[in-house]
Amino acid sequence: MTHLMPIVVHDLEEVSPEEFAGRIAQAKKDGVDVETHPAVRSAIEYYQQEFFERSGALRPKSVKRLRSAWAGYVDWCSSNGVCALPSTHHTVDKYLLSESIRLHRNTLKVQLWAISKTHEISGCPNPTKHPNVRNRLTQIINDKVQKREFIKQAAAFRSDDLNKLVECWGHDKATITQLRDLVTLSICYDSMLRKQNIENLLIDDVQFSADGSAAVRVYITKTNKTGEMEYRYLPPDTVSLIQRYLKHPNVYSGKGAYLIQRTKLSSAECKGLSFKQAARKPVSPKMIIRIFKRAAKAMGTKSDKLWSGHSARVGATQDLLSEGWSTPQIQQAAGWCSEEMVLRYGGLILAGDSVMAKRFIKQSQQKKKRV
């Protein structure tokens, strides 16, 4: 029975998940059935509970993604009669092969991250570190690239689109929902903030200036988790819309109120609440997506799914590039750590502004002068 000693732990507080993973690996070499052993199941439950009690170390979106991606892997393992936790590298390899037909390469990366992370927090050996798994993923990605499986980019929501919506929704007889939607889209475009930041803006985060403009205080972004304050500029036209919106009787502008508020209280989470009470609750993560859908419909497009939550960032990037602003300036305005997203969102415009494009224009002008 000495070969069982590595995984029989009387006080798991004294053993880290990484150390216990080493014990499982050794017990497996000794021929122990670690998949069903009570000590292993008990340790997994303990370590997961400890992790999720402190999951605030991760963004809520990351925790949600981890749970969702892991659940998908568990379902696959259950359907194929194999153990999900702990998994072998053979199981993960077969999973990647099986799901590569159905899933995008970026989704496969997320799935592999979830498998890796769940094993690590559960005190189990990480099967994704095996070279065969890494090589398999690389092979799948290369094959998908060869078959032109591209990363889709959100359709651009540009200044012309915003101006048309101002004409459509900015009149004196606009409903409170139309005005709220217009305020939201204007802030999305002007601030270049991610939708999560805008959903969580408080009215107190907007600092109004004497010249009619405003600055939005932002404490946490995807690239800045330090809590150090950042500011995003809002022009006078957008500020004027905000002030009109805040004067509506159903919009509460007191302490602790969110800027983007519900204009109806029909949802289950708001039933029985006043507008004042509901204003102190952040809107649904799907709110801005629904706003973009209504905007697309108002524009008379064929589909109400023209734009997504990232569309304003894409459109603002393309507008700034078209107007001649530099990549570092746009990178700073959007809060990106590198120029990668500027190049991705503005690739088509940058191509038209490339050296070869300018060379062609210059040669064409010289030919016209000769004629």
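In this text, all values refer to a predicted model and were calculated from it rather than measured experimentally. (Residues numbered from 1 in each chain as written. Predicted model: local features only at pLDDT ≥ 70, side-chain atom pairs only at ≥ 80, totals over all residues. Heavy atoms only, no water.)

> Help me understand the packing of helix 8 (residues 176–191) against helix 10 (residues 236–246), please; the structure alone is not making it clear to me.
How two helices pack is summed up by the angle between their axes together with the distance between the axes. Where helix 8 contacts helix 10, the two axes come as close as 9 Å, and the packing angle between them is 150 degrees. Pair helix 8 / helix 10 crosses with left-handed handedness. Mapping the contact onto sequence places Ile176, Leu179, Arg180, Leu182, Val183, Ser186, Ile187 and Asp190 in helix 8 and Thr238, Leu241, Ile242, Arg244 and Tyr245 in helix 10. Broken down by class, the residue content of the contact of helix 8 with helix 10 amounts to eight nonpolar, two polar and three charged. (Axes fitted to C-alpha atoms, helices over the stretch in contact; angles between N-to-C directions. Helix = DSSP H or I, 4+ residues; strand = E, 2+ residues; numbered from the N terminus. Left-handed = near helix turned anticlockwise from the far one by under 90°. Contact = heavy atoms within 4.5 Å. Nonpolar A, V, L, I, M, F, W, Y, C, P; charged D, E, K, R; others polar.)

> Mind showing me how you'd approach the pattern of salt bridges here?
Pairing is possible between side chains of opposite charge, provided their charged atoms come close. In this structure the tally under the stated criterion is twelve salt bridges. Salt-bridge contacts for Glu19 lead to Arg23; the nearest nitrogen and oxygen are separated by 3.2 Å. Pair noted here: Glu19 and Arg23 are both in helix 1 (residues 17–29), with a separation of four residues, about one helical turn. According to the relative accessible area criterion, Arg23 is partly exposed, its value standing at 24%. For Arg180, the salt bridge is made with Asp181, and the minimal N-O distance between the two is 2.8 Å. Both residues of the pair, Arg180 and Asp181, count as buried. (Salt bridge = Lys/Arg side-chain N within 4 Å of Asp/Glu carboxyl O. Buried < 20%, exposed > 50% of the residue type's maximum accessible area, 1.4 Å probe, protein only.)

> Help me understand the confidence of the model for the chain, please; the structure alone is not making it clear to me.
Any segment with low pLDDT has predicted coordinates that should not be analysed in fine detail. The predicted model of the chain averages 89 in pLDDT, with 96% of residues at 70 or higher. Confidence, expressed as mean pLDDT per element, reaches its minimum in the chain at helix 17 (residues 355–370) with 80 and its maximum at helix 4 (residues 89–99) with 97. (pLDDT = per-residue confidence, 0-100.)

> Which parts of the structure should I look at to understand the side chain of Gln111?
Positionally, Gln111 belongs in helix 5 (residues 105–121). Judged by relative accessible area, Gln111 falls into the buried class, the value being 9%. Ignoring sequence-local partners within four residues, the contact set of Gln111 consists of Ala69, Gly72, Tyr73, Tyr95 and Leu103.

> Help me understand the environment of Ser240 in this model?
For Ser240, the position within the fold is in helix 10. Since its relative accessible area comes to 40%, Ser240 is described here as partly exposed. For the pair formed by Ser240 and Val183, sequence separation is 57 residues and the distance between their alpha carbons is 9.4 Å.

> Even after reading the chapter, I still don't get helix 3 (residues 60–79), so can you show me in this structure?
Residues lying three or four places apart along an α-helix face the same way, a consequence of the helix completing one turn every 3.6 residues. Between the first and last C-alpha of helix 3 there are 29 Å, a value that for 20 residues agrees with the 28 Å anticipated at 1.5 Å per step. Those residues of helix 3 that sit buried are Ser62, Val63, Leu66, Ala69, Trp70, Tyr73, Trp76 and Cys77. All buried residues of helix 3 fall inside an arc of 155 degrees around its axis, so they share one side. What points out from helix 3, more than 90 degrees from its buried face, is the exposed set Pro60, Lys64, Ser68, Asp75, Ser78 and Ser79. A positive phi of about 65 degrees marks Gly81, the residue just after helix 3. (Expected span 1.5 Å × (residues − 1). Arc of directions from axis to C-beta.)

> How should the packing of aromatic side chains be read in this particular structure?
The geometry of an aromatic ring pair comes down to the distance between the two centres and the angle between the two planes. A full pass over the atoms with the stated rule returns nine aromatic pairs. With a centroid separation of 5.3 Å and 75 degrees between ring planes, the pair formed by Trp76 and Tyr95 is classed as edge-to-face. On the criterion of sequence distance, the pair formed by Trp76 in helix 3 and Tyr95 in helix 4 is long-range, its members being 19 residues apart. Tyr95 carries the same exposure label as Trp76, and that label is buried. Pairing Phe157 with Phe292 gives two aromatic rings, centres 5.5 Å apart and planes at 85 degrees, and the pair type is edge-to-face. Taken together, the positions of Phe157 in the loop between helix 6 (131–146) and helix 7 (159–169) and Phe292 in helix 12 (residues 287–298) put the pair 135 residues apart, joining distant regions of the chain. Across the pair, exposure class does not vary: Phe157 and Phe292 are buried alike. Among the aromatic side chains, those forming a connected cluster through ring pairs are Trp70, Tyr73, Trp76 and Tyr95. Its guanidinium or amino end placed over the ring of Phe52, Arg67 lies 4.0 Å from that ring's centre, counting from NZ or CZ. (Phe/Tyr/Trp six-rings, centres within 6.5 Å; stacked < 30°, edge-to-face > 60°. Lys NZ or Arg CZ within 6 Å of the ring centre and 35° of its normal.)

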